[in-house]
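Understanding the architecture of this molecule
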Amino acid sequence: MSNFLGSHAINMDAKGRLAIPAKVREELAHACGGRIVLTANADEERCLLVYPEPQWEALRPQIEALPNMNKAARRLQRLLLGHATPLELDSAGRILVPPTLRSYARLEKKLMLIGQGKKLELWSEERWFAWLDESSDEEEMPPEMEALSL
């Protein structure tokens, strides 16, 4: 099972290539032989989701099984499945982010790669720090979080 933790400041070149940090690259090599699926995050937060291929293949049937007559489910399917892009790390540990995904997440040169346990998130550095600064006072805390002791 993957265990992606931590945040990594990385750069993307003008062609959309970025190097995956060595620690993450090792975890990806172990989890999926460097084969990943990159897709859009369906939340308001315009970042990208990076799944090891086996993790994505376990999730994909659940997304496909959603009732597509439901507007919210159809939107989720269109974003996640419609943007899903299988990629493989090259010999230098790089990936090429397609222009459509770069545009969706508003990615420029400076990026943040954020570990989320079984997957990673890829953010524009500017949007990541703006998100961190946002107030979450108006958000309701789910019961699962009320019992969490950090």
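Residues numbered from 1 in each chain as written. Predicted model: local features only at pLDDT ≥ 70, side-chain atom pairs only at ≥ 80, totals over all residues. Heavy atoms only, no water.

Topic: the overall build of the chain
Of regular secondary structure, the chain possesses 6 helices and 8 strands. What you see in the chain, going N to C, is helices and strands ordered as β-β-α-β-β-α-α-β-β-α-β-β-α-α. Taken over the C-alpha trace, the chain has a radius of gyration of 16 Å; the compact-globule value for 150 residues is 15 Å, and the two agree within 12%. Projected onto its principal axes, the C-alpha coordinates of the chain cover approximately 45 × 35 × 30 Å. The proportion of buried residues among the 150 residues of the chain is 37%. The long-range fraction of contacts in the chain, counting pairs at least 24 apart against all pairs at least 6 apart in sequence, stands at 60%. As displayed, the chain offers around 9,500 Å² of accessible surface, 50% of which is attributable to carbon and sulfur atoms. Seen as two clouds, the 19 positive and the 23 negative side-chain charges of the chain have centres 9 Å apart. (Helix = DSSP H or I, 4+ residues; strand = E, 2+ residues; numbered from the N terminus. Rg over C-alpha atoms; globule rule 2.2 N^0.38 Å. Buried < 20%, exposed > 50% of the residue type's maximum accessible area, 1.4 Å probe, protein only. Contact = heavy atoms within 4.5 Å. Areas by Shrake-Rupley, 256 points an atom, 1.4 Å probe, with all protein chains shown as cover. Lys, Arg positive; Asp, Glu negative; His and termini not counted. Charge placed at Lys NZ, Arg CZ, Asp CG, Glu CD.)

Some words on the UniProt feature "domain: SpoVT-AbrB" (unreviewed entry) in the chain
According to UniProt, the positions carrying the feature "domain: SpoVT-AbrB" (unreviewed entry) are residues 7–55 and 84–127. This span, residues 7–55, is 29% helix and 39% strand, and a straight line between its end C-alpha atoms measures 20 Å. Secondary structure across residues 84–127 comprises 20% helix and 41% strand; the distance between its end C-alpha atoms is 22 Å. (UniProt positions renumbered as here; feature names shortened; annotations may be inferred.)

Overview of the nonpolar core
Buried together is how nonpolar side chains tend to be arranged in soluble globular proteins. In terms of nonpolar packing, the biggest core is built from 27 residues, with L18, L48, V97 and L122 touching the most fellow members. Residue assignment for this core shows that the elements contributing at least two residues are helix 1 (22–32), strand 3 (35–40), strand 4 (48–52), helix 4 (99–104), strand 7 (110–115) and strand 8 (120–124). Setting aside anything within four residues of it in sequence, one finds L48 in contact with L38, T39, A40, N41, V97, L101, Y104, A105, L107, L120, E121 and L122. Listed in part, the 6 residues of the second largest apolar core include V37, L49, Y51 and W56. (Core = buried A, V, L, I, M, F, W, Y, C linked by side-chain atoms within 4.5 Å.)

Here we look at the pairing of strand 4
Working note: regular strand, side chains alternate between the two faces of the sheet. Counting buried residues along strand 4, 5 of its 5 residues qualify, which places the element largely inside the surrounding structure. Taking every second residue as pointing to the same face, both faces of strand 4 are buried, with L48, V50 and P52 on one and L49 and Y51 on the other. Pairing geometry for strand 3 and strand 4, over 5 bridges, is antiparallel. Opposite I36, over in strand 4, you have P52 as the bridge partner. When strand 4 meets strand 8, the two strands line up antiparallel, connected through 3 bridges. When the bridges of strand 8 are listed, L48 appears paired with L122. (Pairing = 2+ DSSP bridges.)

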